[in-house]
Amino acid sequence: MPVGMLSAMLCAALLSGCVSKLVTTPPPATYDLAGLQTAPAVKGRTSAQILVPEPFALQTLASQRIVVTRGPLVAYYPNAQYPDTLPKLVQSRIIQAFEKSRGVRAVGRPGEGLSIDYQLLTNIRTFAFNVTQSGRFAEIEIFAQIMNDRNGKVVEAKVFEASVPVAEDTAPSAVSGLNVALDEVLKELVAWAVPRL
């Protein structure tokens, strides 16, 4: 058999093997963050318009992967992901929480053409399913600052935290717990921010 024909056959065999692997590999399961299901309680209403930039997050959190911590080890659930990067998801859920509260005149993200009075700057410090000797917990910590967009001064800042017990060490259970924790954080964040705008 000519060498060229043998090479062509080997290449075809290798390519067919690659194609079969690509076809049979299932896509990762996608789990969303639901955000607030009910409107948060706020005191009064402000005429301010606020901008919510994408939250800052370390690279460990700034992806679609679901973080799991076991002691000092940081890992991810295999074959599980969010529908978008975590900072973009949290940004969307913060905006939705303000919309549901009806506590501000307008809220949006950069590029939406609002005449901005304030910016809500956030830093996602923790957003993970944490397995410890004492149990399993969905844990969130977000640092928030209200900045006056006219002069660049920070009006006030606060850390928002939530820790929710989770029964099972699985991606669906972890995300369910993270949704409950995020619900707590968003309610507190909106109730804190609106009177200060």
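A few points on the structure. (Residues numbered from 1 in each chain as written. Predicted model: local features only at pLDDT ≥ 70, side-chain atom pairs only at ≥ 80, totals over all residues. Heavy atoms only, no water.)

Remarks on the packing of helix H2 (residues 86-101) against helix H3 (residues 171-193)
Here is step 1: Between H2 and H3, the shortest axis-to-axis distance is 10 Å and the interhelical angle comes to 55°. When the interaxial angle is binned, H2 and H3 end up oblique. Crossing of H2 against H3: the hand is right-handed. Judged by residue contacts, Arg-93, Ile-94, Ala-97, Phe-98 and Ser-101 of H2 engage Leu-182, Leu-186, Leu-189, Val-190 and Ala-193 from H3.
Here is step 2: Among the residues making up the contact of H2 with H3, the classes are represented as 8 nonpolar, 1 polar and 1 charged. (Axes fitted to C-alpha atoms, helices over the stretch in contact; angles between N-to-C directions. Helix = DSSP H or I, 4+ residues; strand = E, 2+ residues; numbered from the N terminus. Parallel < 35°, antiparallel > 145°, perpendicular 65-115°, else oblique. Left-handed = near helix turned anticlockwise from the far one by under 90°. Contact = heavy atoms within 4.5 Å. Nonpolar A, V, L, I, M, F, W, Y, C, P; charged D, E, K, R; others polar.)

Observations concerning the pattern of salt bridges
Here is step 1: Tallying each qualifying case throughout the model produces 7 salt bridges.
Here is step 2: For Asp-117, the salt bridge is made with Arg-150, and the minimal N-O distance between the two is 2.8 Å. With Asp-117 in the loop between strand S6 (106-108) and strand S7 (118-132) and Arg-150 in the loop between strand S8 (135-148) and strand S9 (154-165), this pair connects stretches of sequence that are 33 residues apart.
Here is step 3: On the basis of relative accessibility, which here comes to 59%, the residue Arg-150 falls in the exposed class. (Salt bridge = Lys/Arg side-chain N within 4 Å of Asp/Glu carboxyl O. Buried < 20%, exposed > 50% of the residue type's maximum accessible area, 1.4 Å probe, protein only.)

Observations regarding the packing of aromatic side chains
Here is step 1: Scanning all chains against the criterion turns up 2 aromatic pairs.
Here is step 2: Aromatic pair Phe-160 and Trp-192: ring centres 5.3 Å apart, planes at 65°, arrangement edge-to-face. Pair noted here: Phe-160 is in strand S9 and Trp-192 is in helix H3, with a separation of 32 residues, a long-range link. (Phe/Tyr/Trp six-rings, centres within 6.5 Å; stacked < 30°, edge-to-face > 60°.)

Some remarks on the nonpolar core
Here is step 1: Ranked by size, the top nonpolar core spans 52 residues in total, and within it Phe-98, Leu-120 and Phe-127 carry the most contacts.
Here is step 2: Counting only elements with at least two residues in this core, the list comes to strand S4 (65-70), strand S5 (73-81), H2, S7, S8, S9 and H3.
Here is step 3: Considering each element in turn, this core owes the most residues, 12 residues, to H3.
Here is step 4: Not counting residues within four places of it along the chain, the set of residues in contact with Phe-98 comprises Ile-50, Gly-103, Val-104, Val-107, Leu-120, Val-190, Ala-193 and Val-194. (Core = buried A, V, L, I, M, F, W, Y, C linked by side-chain atoms within 4.5 Å.)

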